[in-house]
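# Survey of secondary and tertiary structure
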Amino acid sequence: MFLNEYFIVFPEGDVQEIRGRLSLNEIVDINGNPLDLPLKTNRMIAFRVSRIKVNENRGGNETLHFLELLSAQELLAYTGNRL
């Protein structure tokens, strides 16, 4: 049996399994769920997928999505509001 496994890697190095593949530059919440744009507010914890690495193994693939923490100022660009 061939398995595809998907993980997010936080900036500190912690790893968490997620349900499926993410896109490069996708904005996600702390659980790896994609956020709907435009965001309602910039006051939240959100990450950008900055790099994707696939480890191919005999029994399946591991896809690692490396995350970058976004600041409130950076998130402002993803809201409909401008200060």
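Throughout, a residue's number is its position along its own chain's written sequence, starting from 1. In view of the model being predicted, local features appear only for residues whose pLDDT reaches at least 70, and side-chain atom pairs are presented and counted only at 80 or more, with totals across whole chains, interfaces and linings using the full set of residues. Side-chain numbers come from the whole structure's heavy atoms, not from hydrogens or water.

## Overview of the sheet that holds strand β5 (residues 60-69)
Within a sheet, each strand pairs with its neighbour through backbone hydrogen bonds, oriented either parallel or antiparallel. Two strands form a pair only when DSSP identifies at least two bridges running between them. The secondary structure listing takes helices from DSSP runs of H or I that are at least 4 residues long and strands from runs of E that are at least 2 residues long, numbered from the N terminus. If you walk across this open sheet you meet the 5 strands as β2-β1-β5-β4-β3, and the pairing is mixed. Edge positions in the open sheet fall to β2 (15-18) and β3 (27-28), since each of these has one partner strand only. Sheet analysis places strand β1 (residues 3-9) next to β5, joined by 7 bridges and oriented parallel. Bridge pairing in β5 links valine 9 to phenylalanine 66.

## What to know about the side chain of histidine 65
Relative to the elements of secondary structure, histidine 65 occurs in strand β5. Ignoring anything within four residues of it in the chain, the contact list for histidine 65 reads Tyr6, Phe7, Ile8, Val9, Ile18, Gly20, Arg21, Leu22, Val49, Arg51 and Ile52. Any pair of residues with heavy atoms lying within 4.5 Å of one another is described as a contacting pair.

## Thoughts on the nonpolar core
Across soluble globular proteins, you tend to see nonpolar side chains buried next to one another. Tyr6, Ile8, Phe10, Ile18, Leu22, Val28, Phe47, Val49 and Leu67 form the largest nonpolar core, which has 9 residues in total. Elements that contribute at least two residues to this core include exactly β1 and β4 (47-56). Excluding residues that lie within four positions of it along the chain, tyrosine 6 makes contacts with Gln16, Glu17, Ile18, Arg19, Gly20, Arg21, Thr63 and His65. Take the buried Ala, Val, Leu, Ile, Met, Phe, Trp, Tyr and Cys residues and link them wherever side-chain atoms come within 4.5 Å; each set so joined is a nonpolar core. A simple rule labels every residue: compare its accessible area, found with a 1.4 Å probe on the protein chains alone, to the largest value its type can have, and call it buried under 20%, exposed over 50%, or partly exposed in between. Of all hydrophobic cores here, the second largest spans 5 residues; its members include Ile27, Ala46, Leu70 and Leu75.

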